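Okay, here's what each chain looks like letter by letter:
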Number of protein chains: 2
Amino acid sequence: MSVDRLIEMVGEKKNPTVLGLDPYPDHIPPAVTEKHTEKHGQTLKALQRAYKEYILALIDALYDIVPAVKLQSACYEALGPGGMEVLRQGILAARNRGLYVIVDAKRGDIGSTSKAYSSAFLGRVALGDTLLPVYDADAMTVNPYLGSDNLIPFLKDCEAYDKMVFVLCKTSNRSSAEVQELMAGDRPLYRVIAEQVSRSGRHLVGKYGYQNAAIVAGATQPTAIRQLRKDHPELFFLVPGYGTQGGKAADIAFAFDKQGRGAVVNNSRGICCAWQEDESVPYTDAARKAAVDMRDDLRKAIVW
Amino acid sequence: MSVDRLIEMVGEKKNPTVLGLDPYPDHIPPAVTEKHTEKHGQTLKALQRAYKEYILALIDALYDIVPAVKLQSACYEALGPGGMEVLRQGILAARNRGLYVIVDAKRGDIGSTSKAYSSAFLGRVALGDTLLPVYDADAMTVNPYLGSDNLIPFLKDCEAYDKMVFVLCKTSNRSSAEVQELMAGDRPLYRVIAEQVSRSGRHLVGKYGYQNAAIVAGATQPTAIRQLRKDHPELFFLVPGYGTQGGKAADIAFAFDKQGRGAVVNNSRGICCAWQEDESVPYTDAARKAAVDMRDDLRKAIVW
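Quick caveat: nothing in here was measured; it's all calculated off a predicted structure. (Residues numbered from 1 in each chain as written. Chains lettered and ligands numbered in written order. Predicted model: local features only at pLDDT ≥ 70, side-chain atom pairs only at ≥ 80, totals over all residues. Heavy atoms only, no water.)

1. As for the overall build of chain A
Line of reasoning, step 1. A count of helices and strands for chain A gives 13 helices and 12 strands.
Line of reasoning, step 2. For chain A, whose C-alpha radius of gyration is 19 Å, the value lies close to the compact-globule estimate of 19 Å for 304 residues.
Line of reasoning, step 3. Overall size of chain A, expressed as C-alpha extent along the three principal axes, is 55 × 55 × 35 Å.
Line of reasoning, step 4. A buried classification covers 63% of the 304 residues belonging to chain A.
Line of reasoning, step 5. Within chain A, residue pairs in contact and separated by at least 24 positions form 72% of the contacts whose partners lie at least 6 positions apart.
Line of reasoning, step 6. Accessible area of chain A: about 10800 Å², with a carbon and sulfur share of 49%.
Line of reasoning, step 7. Looking at charge distribution, chain A has the averaged site of its 37 positive side-chain charges lying 3 Å from that of its 36 negative ones. (Helix = DSSP H or I, 4+ residues; strand = E, 2+ residues; numbered from the N terminus. Rg over C-alpha atoms; globule rule 2.2 N^0.38 Å. Buried < 20%, exposed > 50% of the residue type's maximum accessible area, 1.4 Å probe, protein only. Contact = heavy atoms within 4.5 Å. Areas by Shrake-Rupley, 256 points an atom, 1.4 Å probe, with all protein chains shown as cover. Lys, Arg positive; Asp, Glu negative; His and termini not counted. Charge placed at Lys NZ, Arg CZ, Asp CG, Glu CD.)

2. Considering the interface of chain B and chain A
Line of reasoning, step 1. Across the contact, 73 residues belong to chain B and 73 residues belong to chain A.
Line of reasoning, step 2. Here chain B packs against chain A, burying approximately 5200 Å² in sum over the two surfaces, 60% of which is carbon and sulfur.
Line of reasoning, step 3. Counting the surface chain B buries against chain A, the share from its top three residues, Pro81, Leu127 and Tyr145 of chain B, is 15%.
Line of reasoning, step 4. At the junction of chain B and chain A, the tally comes to four salt bridges.
Line of reasoning, step 5. Linking Glu77 of chain B and Arg107 of chain A is a salt bridge whose minimum nitrogen-to-oxygen distance equals 2.6 Å.
Line of reasoning, step 6. The interface formed by chain B and chain A contains 37 residue pairs in polar contact (both at pLDDT 80 or more).
Line of reasoning, step 7. The element best represented in the side of chain B that touches chain A is helix α6 (residues 111-121) of chain B, accounting for seven residues.
Line of reasoning, step 8. Taken together, the residues that form the side of chain B that touches chain A break down as 36 nonpolar, 26 polar and 11 charged. (Buried area = accessible area lost by both parts, 1.4 Å probe. Salt bridge = Lys/Arg side-chain N within 4 Å of Asp/Glu carboxyl O. Polar contact = N/O pair within 3.5 Å; in protein donor to acceptor, adjacent residues only side chain to side chain. Nonpolar A, V, L, I, M, F, W, Y, C, P; charged D, E, K, R; others polar.)

3. Thoughts on the environment of Ala214 of chain B
Line of reasoning, step 1. Looking at the element boundaries, Ala214 of chain B is found in strand β10 (residues 213-217).
Line of reasoning, step 2. In this structure the C-alpha to C-alpha distance between Ala214 of chain B and Ala194 of chain B, which are 20 residues apart in sequence, comes to 8.6 Å.

4. Quick look at the packing of helix α3 (residues 44-62) of chain A against helix α5 (residues 81-96) of chain A
Between two packed helices, what matters for the description is the angle formed by their axes and the separation of those axes.
Residues and elements named next belong to chain A.
Line of reasoning, step 1. Two elements in contact, α3 and α5, have axes whose closest approach is 10 Å; the angle formed by their N-to-C orientations is 15 degrees. Between α3 and α5, the angle is such that the two are roughly parallel. The interaxial crossing formed by α3 with α5 has right-handed handedness. Facing Gln48, Tyr51, Lys52, Ile55, Leu56 and Ile59 of α3, the residues of α5 in contact are Gly82, Gly83, Val86, Gln89, Gly90, Ala93 and Ala94. (Axes fitted to C-alpha atoms, helices over the stretch in contact; angles between N-to-C directions. Parallel < 35°, antiparallel > 145°, perpendicular 65-115°, else oblique. Left-handed = near helix turned anticlockwise from the far one by under 90°.)

5. Here's the deal with the relation of the copies chain B and chain A
Line of reasoning, step 1. Each copy of the sequence occupies a distinct position, and chain B is placed on chain A by a rotation of 180 degrees and an axial shift of 0.0 Å, giving an RMSD of 0.0 Å. Taken together, the turn and the small shift mark the pair as related by a two-fold rotation axis.
Line of reasoning, step 2. With an isologous cut-off of 70% or more, the 100% of interface residues of chain B that recur at the interface of chain A puts this contact in the isologous class. (Least-squares fit on C-alpha atoms with pLDDT ≥ 70 in both.)

6. Some words on the packing of aromatic side chains
Line of reasoning, step 1. The final tally for this structure, using the stated rule, is eight aromatic pairs over all chains.
Line of reasoning, step 2. Arg226 of chain A extends its terminal NZ or CZ atom over the ring of Phe254 of chain A, reaching a point 4.0 Å from the ring centre.
Line of reasoning, step 3. Positioned above the aromatic ring of Tyr63 of chain B, the side-chain terminus of Arg97 of chain B is 4.1 Å from the ring centre. (Phe/Tyr/Trp six-rings, centres within 6.5 Å; stacked < 30°, edge-to-face > 60°. Lys NZ or Arg CZ within 6 Å of the ring centre and 35° of its normal.)

7. Thoughts on the packing of helix α2 (residues 30-40) of chain A against α3 of chain A
All names here are of chain A.
Line of reasoning, step 1. Two elements in contact, α2 and α3, have axes separated by 8 Å at closest approach and are oriented at 145 degrees. Where α2 crosses over α3, the handedness of that crossing is right-handed. Counting all contacts with α2, which are made through Val32, Thr33, Lys35, His36, Thr37 and His40, the residues of α3 involved are Lys45, Ala46, Arg49, Ala50 and Glu53.

8. Details of the side chain of Asn150 of chain A
Line of reasoning, step 1. Mapping Asn150 of chain A onto the fold places it in helix α7 (residues 148-161).
Line of reasoning, step 2. Note on Asn150 of chain A: relative accessible area 1%, which makes it buried.
Line of reasoning, step 3. Among the polar contacts listed, one links the side chain of Asn150 of chain A to the side chain of Ser114 of chain A, at a separation of 2.6 Å.
Line of reasoning, step 4. Among all residues touching Asn150 of chain A, those that are not within four sequence positions of it are Arg107, Gly108, Asp109, Ser114, Val142 and Asn143 of chain A together with Ser175 of chain B.

9. Concerning the sheet that holds strand β2 (residues 68-72) of chain B
Residue and element names in this part refer to chain B.
Line of reasoning, step 1. Strand order in this closed barrel of eight strands is β1-β2-β3-β6-β7-β10-β11-β12, and the pairing throughout is parallel. Between one strand axis and the next, the sheet turns by 30 degrees as a mean value, whatever way the strands run.
Line of reasoning, step 2. Alignment of strand β3 (residues 100-107) against strand β6 (residues 139-142), held across three bridges, turns out to be parallel. Counterpart to Arg107 in the pairing with β6 is Val142.
Line of reasoning, step 3. Helix α7 (residues 148-161) rests against β3, β6, β7 (164-170) and β10 of the sheet, and its axis sits at about 145 degrees to β7. (Pairing = 2+ DSSP bridges.)

Written out as structure tokens, the structure reads:
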């Protein structure tokens, strides 16, 4: 099971960190961007080349420390079709380095359309008898607003190709409460969503008791994390929001069970932009140091 | 204002139909696909070429009947980076034919990420002092689950570049009630979302009283459409679900005001796959006939 593989990869490195590869133009060291703008001018192509160099270098620098990467689809989409090619190459490079690959696409649509999204990121596209892989990640994030007929095509691909989905439950952003904490009966909406995910994914449980149908629960929401862990020992968590967004290891610790399992913790800017603290250090060295610091910080807070 | 332009384009053609360009492999007439698989084999490239030929032919065949197109991002994403290039070319072709272009991407994320999505589909990507357009559509669909800091970057681009967003409110799929009709206090969630959209978009009102911040309300949900129209005379509606999904003109009529304004109605399969009813007719002719029938059906139900 995909979730078992992720749990074991976390265990091997004794590190639940997910390296967030979410490049923005101002995240790239100026020397990298300049090299490409000199050749291609102030163009999308120059940015595509800069993003590619940057994320491949970060994967090469960190693959022995972190077990997983999460690529934020928006950053690549923003560069047009050529940006999606960089996403594809990033996924491939990470997989070749033995990393677990999550695409953070937060897709959600009516059933037939979700099927198309799922075939892009997790499954296969059918052309006659041929099944064609496209991005072929290990997992992706999904938005719950359209209900179960959105979720089903993703779960079918989870089953057919042994993949995972992380359904948005309680997100790390400030305004998440405006919708996610609306009271639906006696419970905030995010708890209803978690219940729906749990129910839909019951047939996808791995040997450690966690499901391939998992949830997103933000590090900035410690109360929600505790509640969700209490409600659902069977749900694995993707926890964004550590570091720059304010989430702390002590808060995140509640996401884990007594064996140190049950969650992975994403950090993007805190690792990838560490070079901005001291520009004399190569950005890959700065990222490595930040990733080691984060790992050690989490190790202290989580019981292994 | 973008919404005024859309209203006037609907008025000129006396037709609120949006042509949904949502290609799936089995939507393409076999002769079109075979032409490209003969050249490129059973590959994504063959499908990309087939999709491109198909949507450009449909745009050319229908641009004098319909005022707008909606391209379903998922269908193009499913074909990888080359699929996104087809999406880009479809947007361009539709714009060159004088059509209003909606990208149905249903994106939603934390603020900084939404900004990247918005810059891809509506705004510009900044590289130093240069602002680069990417897909540059007139409007896109947005998912509300992450709250207002998701919505704000899209609204900023609506203001800066005169664009529209359609926020998912009540969708046309069967399971939409599972989340969207949960009671949040005394009202179903979808009414709370509509209220949030209305409030956030107050500064973006055009001369007909409608906002550039608009909503999606499915044709299969007549009760919701009536309620939302009553609650929010200032919200313009994108109404999916006519035809194949079961929505009828009489139900959709409630989305419109007494001047015949206030909504556009999407149809994808009902128009684009009309060729499947009678394969002896060229697919563009079949689509033209279906589009004329839909227009006439809507004209009967809506007061102009």
